[in-house]
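Remarks on the overall topology
The chain contents come next:
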Amino acid sequence: MLFIACATGFAKVVYLAPNGSDGADGTIGHPFATLPAAYKAIGGGDTICVRGGVYRVDDNQVMKKDKGYAYVFALEKAGTAKRRTCIMGYPGERPVFDFSALMLDGKWRFGAFYLGADYLHLKNFDIVGVPVRMKGHTQSECVSAKKGSHCIVENLAMHDGMAIGYYQTAGADNLILNCDAYNNYDDYSEGSYGGNVDGFGCHIRNKKDGGNVFRGCRAWRNSDDGFDLINCDTPAEFDHCYAFYNGFQPAENPTDTVTFLNAGDGNGFKAGGWGMSPTATKCPAVCPSHYIHHCIAYLNKANGVYSNHHLGGNRWEYNVSIRNKRDNYNMVNRLSSLAGDNYDIDGYGHVLKNNVSKEPGKLHISNVNWVDSKLEGNSFEPGGVDAKSVFITQAELLAPRDKDGNLKPIELNLWKQQ
Ligand code: CA
Ligand code: CA
């Protein structure tokens, strides 16, 4: 018998299928039709197993409205460390949740999946078509991580919509593993700019929710940044993530490597900062040091790897940044968090170790204070790693994941050294 649950233990498992019925009992032979019906039938620590196929989601399925957001699937039943509350695609099948029919009279931001409790696990499905229906400076989100800690978001593909992929503002020790966010572009709320649509964002506005890790994730053709940590008060980690073609409009042909029409900011990895307003920033007394390592930034519209006016140093190690239109590494910091100190200065306190830069649009590295930062072994300094021996093809970046969601390893000389 195929064992289906995210964890061992005595989890109840209910099933969802496109040809199911909400009057059914949720067994594998009589599955539910909609996720809200399946969710009603489980408790914390149980599993919803979703059969392959397309699920068309409409306004009637919206489960929660809060502070201007309509959260479609609001997940608020906590699991435990041993038994997470789980929504997973049936092994070997791939469900697709299509949110493009959401309307709600154009009065709400949308969050397709709301993480509102601890120990949740989302795994193995697609989120497509999440819309933006409002004008002005607004956004929608495929995964809205607003409360839960110790959650795992695994092997999701969030694409071909107008929303940010994964967006977190609270919660500690979440793991975002092997997820893709691509072809996301809001061409409605503020004209054709798409300036809020990042692939992945972590913006924790409190001092306790640290330890969030993004591992094996890819962001491409998102109209703003690939990965964004602006307004993040606790340290976050990007590990083996790829950001490419961000800041451009989606391509009609997913393998298009030629057409690049400008959209939003377009940094690959934007790590830190609280903005450049002349008022005092909300940077905590201890500025978080983010850790970005074994990542690849390739042909983004602006900088590949970017410290975004941060107020302290980050750790950047074993990254590869190639062909970004501005600088491959831009370490610019803000002078201080005080009102009136909204000036750029060369980045201080950064640790840059064994990073590679090739073919920058402008500079290999910019705005770094070589005395107040620690640089060692980078290709852009004497005696550093040899950039000439590092090759990455666009086909490698776009290669399909294996059945468990793992990226096909890109063998780089500098990553083998560890
Ligand atoms: Ca932006
Ligand atoms: Ca952004």
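Anyway, here's the lowdown on the structure attached to this text. Keep in mind it's a predicted model, so treat the numbers as computed, not measured.

Take the overall build of the protein chain next. Across its full length, the protein chain holds three helices and 34 strands. Over its C-alpha trace the protein chain gives a radius of gyration of 21 Å, about what one expects of a compact globule, namely 22 Å for 418 residues. Judged by the C-alpha coordinates and their principal axes, the protein chain covers about 70 × 45 × 40 Å. The buried share of the protein chain, taken over its 418 residues, is 60%. A sequence separation of at least 24 residues applies to 73% of the contacts in the protein chain between residues at least 6 apart. Of the accessible surface of the protein chain, which amounts to about 16,400 Å², a share of 52% is contributed by carbon and sulfur atoms.

A word on the coordination of the calcium ion (ligand 2). Metal coordination angles in their ideal form are 109.5 degrees for the four-donor tetrahedron and 90 or 180 degrees for the six-donor octahedron. At this site the calcium ion (ligand 2) is bound by Asp198 (OD), Asp198 (OD), Asp224 (OD), Asp225 (OD) and Asp228 (OD), with donor distances of 2.3 to 2.7 Å. Mapped onto the sequence, the donors of the calcium ion (ligand 2) take the spacing D-x25-D-D-x2-D. If you look at the calcium ion (ligand 2) and the calcium ion (ligand 1), they sit 3.7 Å from each other and are both ligated by Asp224.

In this section: the pairing of strand β11 (residues 152-161). Burial runs high along β11: nine of the ten residues are buried. Summarising the sheet, strand β9 (residues 120-128) and β11 pair through seven bridges and their orientation is parallel. Bridge assignment links Leu122 to a residue of β11, and that residue is Val153. Direction of pairing for β11 relative to strand β14 (residues 180-184): parallel, over a ladder of four bridges. Note that in β14 the partner of Met158 across the bridge is Ala181.

With that settled, consider the sheet that holds strand β28 (residues 329-330). Strand order in the open sheet formed by eleven strands is β4-β5-β8-β10-β12-β16-β19-β22-β25-β28-β33, with mixed pairing between adjacent strands. Either end of the sheet is taken by a strand with one partner, and the two such strands are β4 (64-66) and β33 (365-366). Sheet analysis places strand β8 (residues 109-115) next to strand β10 (residues 141-145), joined by four bridges and oriented parallel. By the bridge assignment for β10, Phe113 is matched with Val143.

Counted under the stated rule, the structure contains 19 salt bridges. Among the ionic pairs, Glu76 bridges to Lys64, the shortest N-O distance being 3.1 Å. Of this pair, Glu76 sits in the loop between β5 (69-75) and β6 (85-89) while Lys64 sits in strand β4; the two residues are twelve residues apart in sequence, bridging distant segments of the chain. Classification of Glu76 as partly exposed rests on a relative accessible area of 39%. Its relative accessible area of 21% is what places Lys64 among the partly exposed residues. For Arg401, the salt bridge goes to Asp180, with nearest N and O atoms at 2.7 Å. With Arg401 in the loop between α2 (394-397) and α3 (413-416) and Asp180 in strand β14, this pair connects stretches of sequence that are 221 residues apart. Comparing Arg401 with Asp180 shows no difference in burial state: the two are buried.

Our next topic: the packing of aromatic side chains. Throughout the structure, instances matching the rule amount to 23 aromatic pairs. Both rings, one in Tyr69 and one in Tyr71, keep their centres 5.2 Å apart while their planes meet at 0°; by these two values the pair is stacked. Given a relative accessible area of 8%, Tyr69 falls into the buried group. For the ring pair Phe227 and Phe269, a centre distance of 4.9 Å and an interplane angle of 15° mean the geometry is stacked. With Phe227 in strand β19 (residues 227-228) and Phe269 in strand β22 (residues 269-270), this residue pair connects regions lying 42 residues apart in the sequence. Comparing Phe227 with Phe269, the two get one shared label, buried. By the ring-pair criterion, three or more aromatic residues cluster together here, those being Tyr55, Phe73, Phe97, Phe99, Phe113 and Phe125. The ring centre of Tyr188 lies 4.1 Å from the NZ or CZ of Lys135, which sits over that ring.

On to the layout of surface pockets, then. Its boundaries defined by the atoms lining it, the largest pocket holds a volume of some 390 Å³. Taken together, 20 residues line the largest pocket, and the ones lying closest to its centre are Asn124, Asn155, Lys403, Asp404 and Gly405. Among the elements of the structure, β6, β9 and β11 are those that each provide at least two residues to the lining of the largest pocket. With four residues, the top contributor of residues to the lining of the largest pocket is β11. There is about 300 Å³ of room inside the second largest pocket. Forming the walls of the second largest pocket are 18 residues, and the residues nearest its centre are Gln139, Asn196, His203, Asp228 and Ile230.

A few words now on the pairing of strand β1 (residues 13-16). Consecutive residues of a regular strand have side chains that alternate between opposite faces of the sheet. In this sheet, strand β2 (residues 47-50) lies alongside β1 in parallel orientation, the contact comprising four bridges. Bridging across to β2, Val14 finds its partner in Ile48. Taken together, β1, helix α1 (residues 35-40) and β2 form a β-α-β motif whose crossover is right-handed.

What follows concerns the coordination of the calcium ion (ligand 1). At the metal site, the calcium ion (ligand 1) is ligated by Gly195 (O), Asp224 (OD), Asp224 (OD) and Asp265 (OD), and these contacts range over 2.4 to 2.9 Å. Positions of the donor residues of the calcium ion (ligand 1) along the chain correspond to the pattern G-x28-D-x40-D. Of the residues examined, Asp224 reaches a relative accessible area of 3% and is grouped as buried.

This next bit is on the nonpolar core. By size, the foremost hydrophobic cluster in this structure holds 72 residues, and its most contacted members are Ile48, Phe97, Phe99, Phe113, Ile127, Tyr166 and Phe200. Membership of the second largest hydrophobic core comes to 25 residues, among which are Phe248, Phe260, Tyr318 and Ile410.

Definitions and cut-offs
Residues numbered from 1 in each chain as written. Chains lettered and ligands numbered in written order. Predicted model: local features only at pLDDT ≥ 70, side-chain atom pairs only at ≥ 80, totals over all residues. Heavy atoms only, no water. Helix = DSSP H or I, 4+ residues; strand = E, 2+ residues; numbered from the N terminus. Rg over C-alpha atoms; globule rule 2.2 N^0.38 Å. Buried < 20%, exposed > 50% of the residue type's maximum accessible area, 1.4 Å probe, protein only. Contact = heavy atoms within 4.5 Å. Areas by Shrake-Rupley, 256 points an atom, 1.4 Å probe, with all protein chains shown as cover. Donors = N, O, S within 2.8 Å, 3.2 Å for Na, K, Ca; no water. Pairing = 2+ DSSP bridges. Salt bridge = Lys/Arg side-chain N within 4 Å of Asp/Glu carboxyl O. Phe/Tyr/Trp six-rings, centres within 6.5 Å; stacked < 30°, edge-to-face > 60°. Lys NZ or Arg CZ within 6 Å of the ring centre and 35° of its normal. 1 Å grid on protein atoms, 1.4 Å probe; cavity = no way out; pocket = protein on both sides within 12 Å on 5 of 7 lines; lining within 4 Å. Points joined across faces, edges and corners; volume = space filled by probe spheres on them. Right-handed = clockwise from strand over helix to strand, strands pointing away. Core = buried A, V, L, I, M, F, W, Y, C linked by side-chain atoms within 4.5 Å.

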